[in-house]
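Coordinate analysis (summary)
Here is how the chains run, residue by residue.
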Amino acid sequence: MTDYQTWERRTPRQRIGRYILMLIVLVAAAISWQLLQINYSYLGTAPEEFMDLITRMYPPNVGYTGEIVSPMIETIHIAILGTALAVLMSIPVALIGAENTTPNRFTFVLGKFIISASRSVNVIIWALVFVIIFGSGALAGTLAIAVRSIGFCSKLIAEAIEEIDPGQVEAIQATGANSVEAAIYGIAPQVKPALIGVSTYRWDINVRASTIIGFVGAGGIGVELNTSINFFAWQQVLTILLAILVIVVFSEVVSAYLRRKVR
Amino acid sequence: MATEQPEQRTWRRPTAFYNHYVKWAVYVVITVFLLWSAWNMRISVARVIEGWGAAIGLIQGMVPPEFTPFKMDLLIEGLIESLAMSVIATIVGVLLSIPVAFMSAENIAPRPVYWVGRGIITVSRSFHELIIAIIAVKAVGIGALAGVIALSYKTVGFFAKLLAEEIEDIDSGQMEATEATGANRVQTMLFGVVPQVMPRIIGLTIYRWDINIRHSTIVGIVGAGGIGATLLNSFDQYDYDFFLTIIIAIIAIVMVGELISTYIRGRIQ
């Protein structure tokens, strides 16, 4: 006889399935923990070391502020120019990577390939590659940011293109427009909000990224940060970190404002 | 009745700006700014030509990628460490971020708690992994532990932010129903809120794991464990063959991670 009195949230089968999944996660965690061979003595001294770091950092070196103004400006330039280049290059990639605008099967696969290739290599690795090619400096950083952002921007713009209303494009074509005109008057107005949204969002991400590409010599505030850390100039490090915090929060506010405006 | 012929009118595209002059002014300002920005970088034709030569040299140095047994051992060791770091960092990060997410959900947390939660999220999100990794390396020494700390720290901001948004969107009816049966606050959370956000928790965990795999491959550049250290070494020694091998391996592992993550998230939703 079935027991109608007690309430069970799951059937026995579901419960066993969940236990097995949890077991898998636990085993994966245990194996990973083993593999890391963490030296626990370091963990013991960590709070001490961390407090030591803080006491050495505080107070921030205010006099250093003047010196980081121009690297900070360079950082923002890298982010803006990198994003602008990325958006310019991602428009054709998005057009061939969207199912409804791609000319043929081959170009579609090519578009998808460019998108995933750009996305799977981290910005710092791109920066390493461009530093070899163009030498250290902001140019390498800008290109690294641009190449890395193409995948992200194209993917989102391609999704926006796939969601457009085909009626508007047909209407433009019915007036006798060729395909370029149809793209300008039929597709562009429909994806413009997405385009602006994606660029500002990516710019926000790129501001963060451009603060660290200096670690490998690709310009921006990261160069100063790396130098200060190597010289153990912790008060300067704190000044730089505070400056980074300010521009990151600023870019987030600007990006959120612009995205709300175009929505 | 004869229809009146409308006057010949010209059509202009509507604009989001105040008027068309403002629109063009904005475009001009943006273009000038970008050009000035580019000029600041000191990009010259000579430099691009020089770069072209270097690029060809680099590609010649990279091809073919190197697969000698000694290098493969190094590679596999680094990759396993990266993967292990990503797993541990995801678990630790998610466990830490669930309470933070509940704190930062506007509909269930009291005002002061809400602001504390939001503050934690903002601080966690503002610095890049590598900066956190450097500080962690200083605090706990070179090695995987620093990487795990950096990745877990970044996980909190990401996971808590998205989960908090999900909690804000829940159906409050279920919470009230649980409360009406006499449940206390903890029970309301467990039976009224958690079941509604559980699919999202799992989906986000997998998604964040995918992101952590990517980042675990680079935190080694500042000494925080994983394949990144090997990558930077090969780069510093001009060992471009091995450099390419590592990059290919990273791309492969990132893509596999992404496929698994997409598959599982597709199954859950």
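Residues numbered from 1 in each chain as written. Chains lettered and ligands numbered in written order. Predicted model: local features only at pLDDT ≥ 70, side-chain atom pairs only at ≥ 80, totals over all residues.

1. Notes on the overall build of chain B
From N to C terminus, chain B includes ten helices and zero strands. Reading the secondary structure of chain B in the N-to-C direction produces α-α-α-α-α-α-α-α-α-α. Scaling as 2.2 N^0.38, a compact globule of 269 residues should have a C-alpha radius of gyration of about 18 Å, whereas chain B reaches 27 Å, well beyond that. Along the first, second and third principal axes, the C-alpha set of chain B runs to 75 × 75 × 35 Å. For chain B, the residues scored as buried account for 40% of the 269 residues in total. For chain B, contacts bridging at least 24 residues in sequence account for 71% of all contacts bridging at least 6. (Helix = DSSP H or I, 4+ residues; strand = E, 2+ residues; numbered from the N terminus. Rg over C-alpha atoms; globule rule 2.2 N^0.38 Å. Buried ≥ 20, exposed ≤ 12 C-beta atoms within 10 Å, placed from the backbone. Contact = placed C-beta atoms within 7 Å.)

2. A look at the domain arrangement of chain B
Taken domain by domain, chain B consists of domain 1 (20-59) and domain 2 (69-268). Computed over C-alpha atoms only, the centres of domain 1 of chain B and domain 2 of chain B are separated by 36 Å. (Domains from an automatic or database assignment.)

3. Concerning helix α3 (residues 69-103) of chain B
Between the first and last C-alpha of α3 of chain B there are 51 Å, a value that for 35 residues agrees with the 51 Å anticipated at 1.5 Å per step. Taken as a whole, α3 of chain B carries its principal kink of about 30° at serine 97 of chain B; the proline proline 99 of chain B stands between one and four residues after it. (Expected span 1.5 Å × (residues − 1). Bend = angle between axes of the 7 residues up to and from the residue.)

4. With respect to the nonpolar core
Soluble globular proteins tend to pack their nonpolar side chains together in the buried interior. Judged by nonpolar contacts, the single largest core of 136 residues is most densely connected at Ala127, Phe130 and Ala144 of chain A together with Ala133 and Ala136 of chain B. For alanine 127 of chain A, the residues in contact, after removing those within four places along its chain, are Ala140, Gly141, Ala144, Ile213, Val216 and Ala218 of chain A. (Core = buried A, V, L, I, M, F, W, Y, C linked by C-beta atoms within 7 Å.)

5. Here we look at the interface of chain B and chain A
In this assembly, 41 residues from chain B lie in contact with 40 residues from chain A. Where the side of chain B that touches chain A is concerned, the elements lending two or more residues are α1 (20-40), α2 (45-62), α3, α5 (129-140), α6 (144-168) and α10 (240-268) of chain B. Per element, the largest residue contribution to the side of chain B that touches chain A is seven residues, and it comes from α3 of chain B. Residue composition of the side of chain B that touches chain A, by class: 29 nonpolar, eight polar and four charged. (Nonpolar A, V, L, I, M, F, W, Y, C, P; charged D, E, K, R; others polar.)

6. A short note on the confidence of the model for chain B
Counting all residues, the mean pLDDT for chain B is 86, and 96% of those residues have values of 70 or more. Taken element by element, the predicted model of chain B shows its lowest mean pLDDT in α2 of chain B (79) and its highest in α6 of chain B (92). (pLDDT = per-residue confidence, 0-100.)

7. Focus: the environment of asparagine 184 of chain B
Residues and elements named next belong to chain B. Considering the arrangement of structural elements, one finds asparagine 184 in the loop between α7 (172-180) and α8 (185-216). Asparagine 184 sits in the exposed class, given 10 other C-beta atoms within 10 Å. The spacing of asparagine 184 and isoleucine 108 is 76 residues in sequence and 13 Å in space, taken between C-alpha atoms.

8. Some details on the packing of α3 of chain B against α8 of chain B
Any two packed helices are characterised by the angle at which their axes cross and by the distance between the axes. All names here are of chain B. Taken N-terminus to C-terminus, the directions of α3 and α8 make an angle of 145°; their axes are 9 Å apart at the nearest point. Here α3 and α8 pass one another in a crossing that is right-handed. Along its contact with α3, which presents Ser82, Leu83, Met85, Ser86, Ala89, Thr90, Gly93, Val94 and Phe102, the element α8 presents Met189, Thr205, Arg208, Trp209, Asn212, Ile213 and Ser216. A per-class count over the contact of α3 with α8 returns eight nonpolar, seven polar and one charged. (Axes fitted to C-alpha atoms, helices over the stretch in contact; angles between N-to-C directions. Left-handed = near helix turned anticlockwise from the far one by under 90°.)

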